[in-house]
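This is what each chain is made of:
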Amino acid sequence: MELADLRAHWERFGTRDPLWAVLTWPGTRYGRWRREDFLASGRSEIDRASSVVGAVAEEIGVPAPANRALDFGCGVGRLTQALAEHFAEVDGVDIADSMLATARSWNAHGPRVRYHLNATGDLALFPAGRFDFVYTAHVLQHIEPRFVRRYVAEFLRVLADDGLLLIQLVTEPVRGADRPLPDDAFRVELTPQQWPRRLPAGTRQLIEVTVRNTGSSTLPATGTNGWYQVSIGNRWLRPDGALMVGDDARAPLPHDLPPGASARVELEVTAPRGHGRHLLRVDAVQEGVAWFADRGSGPLDAPVSVTSSRWPRGRRADRSRTDHDTADSTMEMHPVSEASARAWIEEAGGTVHRVFDWHEVADHQYTDYERVGMIAGRRSSAPD
């Protein structure tokens, strides 16, 4: 995915479900992250990472970094705010304005913390040697390796001679972790139990659907970090079939669904703001993989008349979800081997000081990919 496309996807994540997009823990999707818990997870991560970095600094004989830090891929500032408790100044950069808007509104450290839009493949907005600490976690895995290699060189360019770089990578899938369903498993029969024929624009409506598994495999109700589980979701189409709203509501299956079994699912849909006659399409989706309709299963389509209306008090829809949101947001995963990352660091004039299991600093025990942290510095900070 090109950087312009990556930015477009993350702009949508930043308006729809920014906290889950930043930290995809189970049970936190669709606005279920509590802000206090989300920020507390950042403080815990940075506290633990600081202990590891401090030990490395002592080992190689350089000062523990405490002056200026860079948070690359800062999102809504979960880690930037935590870094500000350890550093005199912190800069956060992100590719999405929507994420940065939230980050700035949450800033509790005044001018000591600055946020920047950075949609290019470099860090040209900063001079060489600007930071004594560069931190990036939960970010590089979503960027194609050809861009990651350039960013690694930029991290080292903006790093001071005795500074330290900490990057987190996903390296390979965990053996036995959840996987995409086989093609012949993407089959369901959907039957409406409650269905609106008319809705005022912008209002929410609870609908109920019976889902019967007509495929070859059990459909999982839960998955690793919310990925690979099967949910029921909806989209809105124009009368000619053109996509109008690409990703409206979601509801997970209430339990695993073996072949031939059925379950009822409630889904809260939001009528689009454009009035007229539209198609409400309900379908199953394996998260992070595909809609079932894209694999040959028949979705459930029903015409709904959307009427003009003021935004009803108490039932106001999310104004950030606009009618031109015609594409689903994609969160790509790009594993990078430890050997590749080490080679990129060395070719950019750096030295790897330590590689460690990311579970040493992570509150959540990730089970989908192997994750490592790497601490590096410029060659001048390497021990003799």
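Scroll up a little and you will see the structure.
Residues numbered from 1 in each chain as written. Predicted model: local features only at pLDDT ≥ 70, side-chain atom pairs only at ≥ 80, totals over all residues. Heavy atoms only, no water.

## With respect to the overall build of the protein
Stage number 1. Across its full length, the protein holds seven helices and 17 strands.
Stage number 2. In terms of C-alpha radius of gyration, the protein reaches 23 Å, essentially the compact-globule figure of 21 Å for 384 residues.
Stage number 3. Projected onto its principal axes, the C-alpha positions of the protein cover 75 × 45 × 35 Å.
Stage number 4. Carbon together with sulfur atoms contributes 47% to the accessible area of the protein, which is approximately 16200 Å² in total.
Stage number 5. Distance from the positive charge centre (45 side chains) to the negative charge centre (52 side chains) of the protein: 8 Å. (Helix = DSSP H or I, 4+ residues; strand = E, 2+ residues; numbered from the N terminus. Rg over C-alpha atoms; globule rule 2.2 N^0.38 Å. Areas by Shrake-Rupley, 256 points an atom, 1.4 Å probe, with all protein chains shown as cover. Lys, Arg positive; Asp, Glu negative; His and termini not counted. Charge placed at Lys NZ, Arg CZ, Asp CG, Glu CD.)

## As for the side chain of T171
Stage number 1. Locating T171 in the fold gives a position in strand β5 (residues 159-173).
Stage number 2. The class of T171 is buried, set by a relative accessible area of 17%.
Stage number 3. Contact partners of T171, with chain neighbours within four places excluded, come to P335, V336, E338, E370 and V372. (Buried < 20%, exposed > 50% of the residue type's maximum accessible area, 1.4 Å probe, protein only. Contact = heavy atoms within 4.5 Å.)

## Let's talk about unusual backbone geometry
Stage number 1. One non-glycine residue with positive phi stands out, namely H138, at about 65 degrees.
Stage number 2. Within the secondary structure layout, H138 lies in the loop between β4 (131-136) and α6 (145-157).
Stage number 3. The class of H138 is buried, set by a relative accessible area of 9%.

## Some details on the pattern of salt bridges
Stage number 1. Enumeration according to the criterion identifies 23 salt bridges in this entry.
Stage number 2. The shortest N-O distance in the salt bridge between D97 and R7 comes to 3.2 Å. With a gap of 90 residues between them, D97 in helix α5 (residues 97-106) and R7 in helix α1 (residues 3-16) connect regions that are remote in the sequence.
Stage number 3. In this structure, D91 and R114 form a salt bridge, with 3.0 Å as the shortest nitrogen-oxygen distance. Of this pair, D91 sits in strand β2 (residues 89-94) while R114 sits in strand β3 (residues 113-117); the two residues are 23 residues apart in sequence, bridging distant segments of the chain.
Stage number 4. R114 gets classed as partly exposed once you look at its relative accessible area, which sits at 25%.
Stage number 5. Each of the salt bridges in this network shares a partner with another, and the network as a whole consists of R68, E89, D91, R114 and R130. (Salt bridge = Lys/Arg side-chain N within 4 Å of Asp/Glu carboxyl O.)

## Regarding the sheet that holds strand β12 (residues 262-270)
Stage number 1. The strand order across the open sheet formed by three strands is β6-β8-β12, and the pairing between neighbours is antiparallel. In the strand order of this sheet, the two ends are held by β6 (188-194) and β12, each with one partner. Between one strand axis and the next, the sheet turns through 30 degrees on average, direction left out of account.
Stage number 2. Where β6 lies against strand β8 (residues 204-213), six bridges are found, and the strand directions are antiparallel. The residue bridging E189 from the neighbouring strand is R212, located in β8. (Pairing = 2+ DSSP bridges. Axes fitted to C-alpha atoms, helices over the stretch in contact; angles between N-to-C directions.)

## Concerning the nonpolar core
Stage number 1. In terms of nonpolar packing, the biggest core is built from 81 residues, with W10, F72, F133, Y135, I143, F155 and L166 touching the most fellow members.
Stage number 2. No other element matches the nine residues that helix α3 (residues 35-60) contributes to this core.
Stage number 3. By size, the runner-up hydrophobic cluster in this structure holds 34 residues, among which are A221, V265, L267 and V282. (Core = buried A, V, L, I, M, F, W, Y, C linked by side-chain atoms within 4.5 Å.)

## Concerning the pairing of β3
Stage number 1. Note: β2 against β3, five bridges, orientation parallel. By the bridge assignment for β3, V93 is matched with H116.
Stage number 2. Note on the crossover from β2 through α5 to β3: the handedness is right-handed. (Right-handed = clockwise from strand over helix to strand, strands pointing away.)

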